[in-house]
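Residue-level structure breakdown
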Amino acid sequence: MSATSIPVIDFSSFDADPNSRATRDIAEKVLHACRDVGFMYITGFTNPSPTLVDSVFDITHRLFDGSLSASDKIQYARAGKPTGYTDVGSEVLEPGTYDVKECYNIQKALLDPTHTPTEAELPAFLRDPETIGTLQEFARQCRALSIDVMRAMAVSLQMDVEWFVDRHDDACKDKGGDNLRLLHYPPVPEDVLESWKVGDGYDGKRAIRAGAHGDYGSLTLLFQRDESGLQVLDKHSPTERWIDAPVIPGAAVVNTGDLMEYWTRGLYKSTTHRVVIPTDSGSQRRPRYSVPYFSQPNDDVVLSPVPSPLVAASAAGGQFEGPTGTVKGDREDGEFTSFGYLMWRLTSTYK
Ligand SMILES: O=C(O)CCC(=O)C(=O)O
Ligand SMILES: [Fe+2]
């Protein structure tokens, strides 16, 4: 088999009709992407529009221009919810590494147009009517696009086209739910860079932009612009091999998360990825911005295996031990709910 590459899938002819030729072709490519790579690029979608994506990057640039006050940095998970600010070094994705990144996580529930966020929920800059309006529209469009990808996934697994959509219908997502993340990777400062170069790490750790990790939820849509650096682990290589996932203008990166891997009992893969510090000194001195949108099923969805003949056949092979190992789910019968799974994953990531 030749070296793995990340498929680029054109969604322009996707019509969500499981019997149409176009949708079946796309679903076949999605099956390959999710089963064999865990990552794909999607192109050919109209929303979110390039203008809207640009506006969200502009907001992200301004948010992290250095003017956030200490009180604006509403601490992540302060109200027991997966929302808020995380500072450089506070998210530990890969043991022994130090993430040179800061981000604002915004729970989708805070971007519901019927909700007016308070100062305990979002900093003033993000509560500005025009800014929040842009973010609300962007979150709505990301959700709609994720839903179309989930339809293609359902078709690829020979399930009812709406199966995943029905379980991501926003009906019960106030505790967990989807998350929009605005990410800033500052230029790598000289001291970090020097210690990284000599290999003995920053504060005893190795500096990286985002340490190797798998995402937690069902599906991630990622917008990157200008600066590359994202890398995806090649599952098929006997030695550790990282595949570059460079910026492709107009495309979004899509990857399946740990929850989806568990839900499909290993048929779909959640692939480890990271963001590296650039090797050329010009890029090292430039910041990187990215905007992921994480989808999560409704809080109360029970993660027993999805009803797919493909999943049943592969689960029967007994290959999948699951990311949970010996961990028991939050339900009495030992199974996880969507929210229970998210909490279990989050508690192992933040100090
Ligand atoms: O910045 C990126 O390109 C990737 C970010 C990422 O993997 C994450 O936030 O989970
Ligand atoms: Fe990620």
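Residues numbered from 1 in each chain as written. Chains lettered and ligands numbered in written order. Predicted model: local features only at pLDDT ≥ 70, side-chain atom pairs only at ≥ 80, totals over all residues. Heavy atoms only, no water.

1. Focus: the site of ligand 1
Taken together, the neighbourhood of ligand 1 is formed by Arg 181, Leu 183, Tyr 185, His 213, Asp 215, Leu 222, His 273, Val 275, Arg 288, Ser 290, Pro 292 and Phe 294. One of the side-chain N or O atoms of His 213 is found 3.0 Å from an oxygen atom in ligand 1. In this structure, an oxygen atom belonging to ligand 1 sits 3.1 Å away from a side-chain N or O atom of Asp 215. Taken by itself ligand 1 offers 290 Å² of open surface, and the protein chains cover 96% of this. (Near = heavy atom within 4 Å. Polar contact = N/O pair within 3.5 Å; in protein donor to acceptor, adjacent residues only side chain to side chain. Areas by Shrake-Rupley, 256 points an atom, 1.4 Å probe, with all protein chains shown as cover.)

2. So, the side chain of His 184
With respect to the helices, strands and loops of the structure, His 184 is situated in strand β6 (residues 179–185). Residue classification places His 184 among the buried residues on the basis of a relative accessible area of 8%. Side chain to side chain, His 184 and Glu 102 meet in a polar contact 2.8 Å long. When near neighbours in sequence (up to four residues on either side) are disregarded, His 184 contacts Phe 64, Lys 101, Glu 102, Pro 287, Arg 288 and Tyr 289. (Helix = DSSP H or I, 4+ residues; strand = E, 2+ residues; numbered from the N terminus. Buried < 20%, exposed > 50% of the residue type's maximum accessible area, 1.4 Å probe, protein only. Contact = heavy atoms within 4.5 Å.)

3. Thoughts on the packing of aromatic side chains
Inspection of the entire model under this criterion finds 11 aromatic pairs. Their ring planes at 85° and their centres at 5.4 Å tell us that Trp 163 and Phe 164 sit as a pair that is edge-to-face. Taken individually, Trp 163 and Phe 164 each receive the classification buried, so the pair is uniform in this respect. Between Phe 336 and Trp 344 the ring centres are 5.7 Å apart and the planes differ by 40°, which places this aromatic pair in the tilted class. Given the relative accessible area of 3%, Phe 336 is considered buried. We classify Trp 344 as partly exposed; its relative accessible area is 25%. In this structure an aromatic cluster arises from ring pairing among Tyr 262, Phe 336, Tyr 341 and Trp 344. One residue, Arg 265, lies across the ring of Tyr 262, its end atom 4.2 Å from the ring centre. Sitting over the ring of Trp 242, Arg 274 keeps its end group 3.9 Å from the ring centre. (Phe/Tyr/Trp six-rings, centres within 6.5 Å; stacked < 30°, edge-to-face > 60°. Lys NZ or Arg CZ within 6 Å of the ring centre and 35° of its normal.)

4. A look at the sheet that holds strand β1 (residues 8–10)
Reading across from one edge, β1-β2-β12-β9-β14-β6-β5-β3 is the order of the 8 strands in this open sheet, with mixed pairing throughout. Of all the strands in the sheet, the pair left with one neighbour each is β1 and β3 (84–86). Within the sheet, the average angular offset between the axes of one strand and its neighbour, ignoring direction, is 25°. Sitting on the sheet, helix α2 (residues 50–63) touches β5 (102–107), β6, β9 (219–224) and β14 (288–295), and the angle it makes with β14 is about 115°. (Pairing = 2+ DSSP bridges. Axes fitted to C-alpha atoms, helices over the stretch in contact; angles between N-to-C directions.)

5. Considerations on the layout of surface pockets
Here the second largest pocket defines a volume of roughly 250 Å³. Per-element accounting of the lining of the second largest pocket gives the leading share, 4 residues, to α2. (1 Å grid on protein atoms, 1.4 Å probe; cavity = no way out; pocket = protein on both sides within 12 Å on 5 of 7 lines; lining within 4 Å. Points joined across faces, edges and corners; volume = space filled by probe spheres on them.)

6. Quick look at the coordination of the iron ion (ligand 2)
Within the protein, the iron ion (ligand 2) binds to His 213 (NE2), Asp 215 (OD) and His 273 (NE2); these donor distances fall in the range 2.1 to 2.2 Å. On the primary sequence, the residues serving as donors to the iron ion (ligand 2) are separated as H-x1-D-x57-H. By the burial criterion, His 213 is buried, and Asp 215 matches it. (Donors = N, O, S within 2.8 Å, 3.2 Å for Na, K, Ca; no water.)

7. Examining the packing of α2 against helix α4 (residues 129–156)
Running from amino to carboxyl end, α2 crosses α4 at an angle of 130°, the nearest separation of the two axes being 10 Å. Considering their axes alone, α2 and α4 lie oblique with respect to each other. When the axes of α2 and α4 are compared, the crossing they make is left-handed. Across the interface between the two elements, Leu 52, Val 53, Ser 55, Val 56 and Ile 59 from α2 touch Thr 131, Thr 134, Leu 135, Glu 137, Phe 138 and Gln 141 from α4. Among the residues making up the contact of α2 with α4, the classes are represented as 6 nonpolar, 4 polar and 1 charged. (Parallel < 35°, antiparallel > 145°, perpendicular 65-115°, else oblique. Left-handed = near helix turned anticlockwise from the far one by under 90°. Nonpolar A, V, L, I, M, F, W, Y, C, P; charged D, E, K, R; others polar.)

8. Here we look at the packing of helix α1 (residues 21–37) against α4
Axis separation between α1 and α4 bottoms out at 8 Å; the angle between their running directions is 85°. Taken together, the axes of α1 and α4 are roughly perpendicular relative to one another. Along its contact with α1, which presents Thr 23, Ile 26, Ala 27, Val 30, Leu 31 and Cys 34, the element α4 presents Ala 152, Met 153, Val 155 and Ser 156. For the contact of α1 with α4, a count of residues per class yields 8 nonpolar, 2 polar and no charged.

9. Brief notes about unusual backbone geometry
Note that the residue after Asn 47, namely Pro 48, is joined by a cis bond; omega there is 0°. The topology assignment puts Pro 48 in the loop between β2 (39–43) and α2. With a phi angle near 60°, Gln 158 is a residue other than glycine that sits in the positive phi range. With respect to the helices and strands, the residue Gln 158 is situated in the loop between α4 and α5 (163–166). Even without a glycine there, the phi angle at Asp 226 is positive, about 70°. Given the relative accessible area of 59%, Asp 226 is considered exposed.

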